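# Examining the three-dimensional arrangement
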Amino acid sequence: MRVTNKMIMNNASSNINTTKEFVNQRNTQMTSQKKIDRPSDDPVIAVRSLRLSTTLSQVTQYHEKNIPDAAQWISVTETALINMREIGNDCKQIANKGATDTFNSQDDRKTMLKELEQLQKQLFAEGNADYANRTVFTGYRTNCNLTFTEDELNTAYEITQTIAIEGNMEDHRYYDGDVIIPTTETELLAPSIKAGDPGYDPAVNKPISDIVKTNFYRIRLAYDKIDGLAENINIKVNNPAVNPDDYTVISYDSEAAWSAAQGGKVIPEKTAVLIKETGDLILSNDTAEDLKKADAELTIKYNKKGFEEGELRPEYYYNCVKTEDPLDVHVPVTYTKYNENGERKHFDIEYTIAASQTIGINTEAADVFDSSIYRDVTEMIDACQHAVSAYDKMQALKDMKSESQYASNEDQEWLDIWYKAAEKEFDFYHDNMRKLFDAEIGKIDKYYAKINLAITDLGCKKDSLDLTKNRVGDQQQTVQSLQSLNDDIDLSKIIIDYTAAYTAYQASLTAAGKLGDSTLLNYI
């Protein structure tokens, strides 16, 4: 076969291009420090690189974003619960003081009253705790507050509560009568004028009020100041001897209206009295006994219009319908908290913190606290206020005894009568405050235990997150190592390969240059 110069030059040119391509490839590898520049360079490495890159992206998302975000959410929730526990502890300390004789001065009562009012304001403010403008206690409705943040007097709900008699019926003291302190001598002596005496006026000449205490069993609704029942109370019993249709409910706007209608705070047999002002369903003795024996369960549907700042929104606790709201164009809005079988619906928020591993990060308010805490503090405030007011009446009458306008023997005698009536009222209300505060100690302990349980649960979640974070961090490092082993090239090796390729390229150029000087005559 005859080999021409052109063939030699073409082969030399091809070889030069080949070595040049090697130089370019090694130069690219040396610059990028990667084994391949495009998938076609090595499909096996390319496919493995894509898989490792996807895995690393997912692991980084878990380690750098999901886990820290979940940890911060849990931390905010835990802080809010710890604050609520401290508030509960403060309330318990006040209850301990009020339940003893050590703290029984008027200044002590006024101090306790102010402290309770402040604690009540703080109590559910913690329930609106948020993380990155997302409320932590409201389930997945994170754009809404747990409580009313301002008075909403025109907002109305129809609320459905199911209440078991066992555990929710409690003995409660009710007082009838109110001593109205006279401000003039005429008012002071008014009770001395009897029917038939000259100048007798039944509207003015009333006897001094004599306070009366009565004990009844009651069931307390979640809210006070309600508008009334939306329909008849449904009574479910486990004893066929008790017929729910035998019992009736009478509604009154206030305890005063109840007393006026019944001639005192009394309840007919087979009857319950609903006080709209307080939200108390008060049972006659026989009704309470029958329903307790029957292990009854009451479903009470009632309307409430007007909510004060700090009250819990009903939709987070009960089946309800928002019927009026000037700020909501979608009314009526129905909220379902329990299904038809009475099972509670949960609104969990779950974070994916590792492959095939999720964690529920939120704590629902209904699992930790409800309106009974708010109602308990309200009753403590009312009891303390009644005792303070009753003592002020005694002090006012004592001051009147030293005034010159009441110096006559008759005035002094009547002041003594008025004072005894006021003293009896104070004794009743002071005794009520002590007994109520003593009972609240046990209730607060139950709330305290519930909050502690929630805090412990959050602590377990934090420990689980820490373990997962360590594991995912190790996984991240492993994947990074595998990706580096698959994609990266050893720099010292590529420098040697580049130098060899470049030397070969230079040699090929030199050889090709010598071939250009040769002709056919050199071979003859």
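Just above sits the structure.
Only a predicted model underlies this, so the values are computations on that prediction, with no experimental measurement involved.

Moving on, we come to the overall build of the protein chain. When its secondary structure is counted, the protein chain shows 9 helices and 15 strands. Taken over C-alpha atoms, the radius of gyration comes to 42 Å for the protein chain, far larger than the 24 Å a tight globule of 524 residues would show. Based on the C-alpha atoms only, the size of the protein chain along its principal axes is roughly 165 × 60 × 40 Å. Evaluated residue by residue, the protein chain yields a buried proportion of 41% over its 524 residues. For the protein chain, restricting intrachain contacts to residue pairs at least 6 apart in sequence, the fraction spanning at least 24 positions comes to 77%. Approximately 28,200 Å² of the protein chain is accessible, and the part contributed by carbon and sulfur atoms is 49%. For the protein chain, the distance from the average position of its 57 positive side-chain charges to the average position of its 85 negative side-chain charges is 10 Å.

Now for the packing of helix H2 (residues 43-98) against helix H3 (residues 106-123). Where H2 contacts H3, the axes come no closer than 10 Å and their chain directions differ by 160°. By the criterion of interaxial angle, the relationship of H2 to H3 is roughly antiparallel. As for how H2 packs across H3, the hand of that crossing is left-handed. Side by side, H2 and H3 meet where Met 84, Ile 87, Asp 90, Cys 91, Ile 94, Lys 97 and Gly 98 of the first sit next to Met 112, Glu 115, Leu 116, Leu 119, Gln 122 and Leu 123 of the second. In terms of residue class, the contact of H2 with H3 is built from 8 nonpolar, 2 polar and 3 charged.

To continue, consider unusual backbone geometry. What is expected of a backbone is that most residues other than glycine have negative phi and most peptide bonds are trans. Here the amide bond leading from Val 331 into Pro 332 is cis, since omega sits at 0°, within 30 degrees of zero. Tracing the backbone through its elements, the reader meets Pro 332 in the loop between strand S12 (319-324) and strand S13 (333-335). Residue Asn 133 is not a glycine yet carries a positive backbone phi of 65°. Even without being a glycine, Lys 225 presents a positive backbone phi close to 55°.

This part takes up the environment of Asn 339. Position of Asn 339 relative to the elements: it lies in the loop between S13 and strand S14 (350-354). With 279 residues separating them in the primary sequence, Asn 339 and Thr 60 have C-alpha atoms 40 Å apart. Polar contacts involving the side chain of Asn 339 include one to the main-chain amide nitrogen of Glu 343, which spans 2.9 Å.

On to the nonpolar core, then. With 89 residues, the main nonpolar core has Tyr 223, Leu 281, Tyr 317, Phe 369 and Phe 437 as its most contacted residues. The element contributing the most residues to this core is H2, with 13 residues. Not counting the four nearest positions on each side in its chain, Leu 281 is found in contact with Tyr 217, Arg 218, Ile 219, Ile 233, Val 249, Ala 272, Val 273, Leu 274, Leu 298 and Ile 300. In terms of nonpolar packing, the next biggest core, distinct from the first, is built from 19 residues, Tyr 175, Trp 414, Leu 415 and Ala 422 among them.

Okay, helix H6 (residues 285-293) next. For H6, the complete set of buried residues consists of Thr 287, Ala 288, Asp 290 and Leu 291. The buried side chains of H6 occupy one side of the element, clustering within an arc of 165° when seen end-on. Away from its buried face by more than 90 degrees, H6 exposes Asn 285 and Lys 293. Taken together, the buried residues of H6 touch strand S4 (169-176), strand S5 (212-220), strand S7 (234-236), strand S9 (271-275) and strand S10 (280-283).

Time to look at the side chain of Glu 78. Residue placement: Glu 78 occurs in helix H2. Once you skip the residues sitting within four places of it in the chain, Glu 78 turns out to touch Ile 455, Leu 458 and Lys 462.

This model, assessed by the stated rule, comprises 13 aromatic pairs. Each ring, one from Tyr 140 and one from Phe 347, has its centre 5.0 Å from the other, and the planes form 85°; the classification is edge-to-face. On the criterion of sequence distance, the pair formed by Tyr 140 in the loop between strand S2 (134-135) and strand S3 (152-164) and Phe 347 in the loop between S13 and S14 is long-range, its members being 207 residues apart. Assessed through its relative accessible area of 8%, Phe 347 is described here as buried. Note on Tyr 223 and Phe 307: the rings are 5.7 Å apart at their centroids and 90° apart in plane angle, and the pair reads as edge-to-face. Taken together, the positions of Tyr 223 in the loop between S5 and strand S6 (228-229) and Phe 307 in strand S11 (residues 297-307) put the pair 84 residues apart, joining distant regions of the chain. Comparing Tyr 223 with Phe 307, the two get one shared label, buried.

A complete count under the given rule lists 30 salt bridges for this structure. A salt bridge links Lys 225 to Asp 224, with the nearest nitrogen and oxygen atoms 3.8 Å apart. You can call Asp 224 buried: its relative accessible area is 14%. Residues Glu 289 and Lys 293 are paired through a salt bridge, measuring 3.2 Å at the closest nitrogen-oxygen approach. With Glu 289 and Lys 293 both in helix H6 and 4 residues apart, this pair spans about one turn of that helix. Judged by its relative accessible area of 44%, Glu 289 falls in the partly exposed class. Taking relative accessible area as the criterion, Lys 293 reaches 60% and is therefore assigned exposed. The structure contains a network of salt bridges with shared partners spanning Glu 170, Arg 218, Arg 220, Asp 280, Asp 376, Glu 379, Glu 440 and Lys 443.

About the thresholds
Residues numbered from 1 in each chain as written. Predicted model: local features only at pLDDT ≥ 70, side-chain atom pairs only at ≥ 80, totals over all residues. Heavy atoms only, no water. Helix = DSSP H or I, 4+ residues; strand = E, 2+ residues; numbered from the N terminus. Rg over C-alpha atoms; globule rule 2.2 N^0.38 Å. Buried < 20%, exposed > 50% of the residue type's maximum accessible area, 1.4 Å probe, protein only. Contact = heavy atoms within 4.5 Å. Areas by Shrake-Rupley, 256 points an atom, 1.4 Å probe, with all protein chains shown as cover. Lys, Arg positive; Asp, Glu negative; His and termini not counted. Charge placed at Lys NZ, Arg CZ, Asp CG, Glu CD. Axes fitted to C-alpha atoms, helices over the stretch in contact; angles between N-to-C directions. Parallel < 35°, antiparallel > 145°, perpendicular 65-115°, else oblique. Left-handed = near helix turned anticlockwise from the far one by under 90°. Nonpolar A, V, L, I, M, F, W, Y, C, P; charged D, E, K, R; others polar. Polar contact = N/O pair within 3.5 Å; in protein donor to acceptor, adjacent residues only side chain to side chain. Core = buried A, V, L, I, M, F, W, Y, C linked by side-chain atoms within 4.5 Å. Arc of directions from axis to C-beta. Phe/Tyr/Trp six-rings, centres within 6.5 Å; stacked < 30°, edge-to-face > 60°. Salt bridge = Lys/Arg side-chain N within 4 Å of Asp/Glu carboxyl O.

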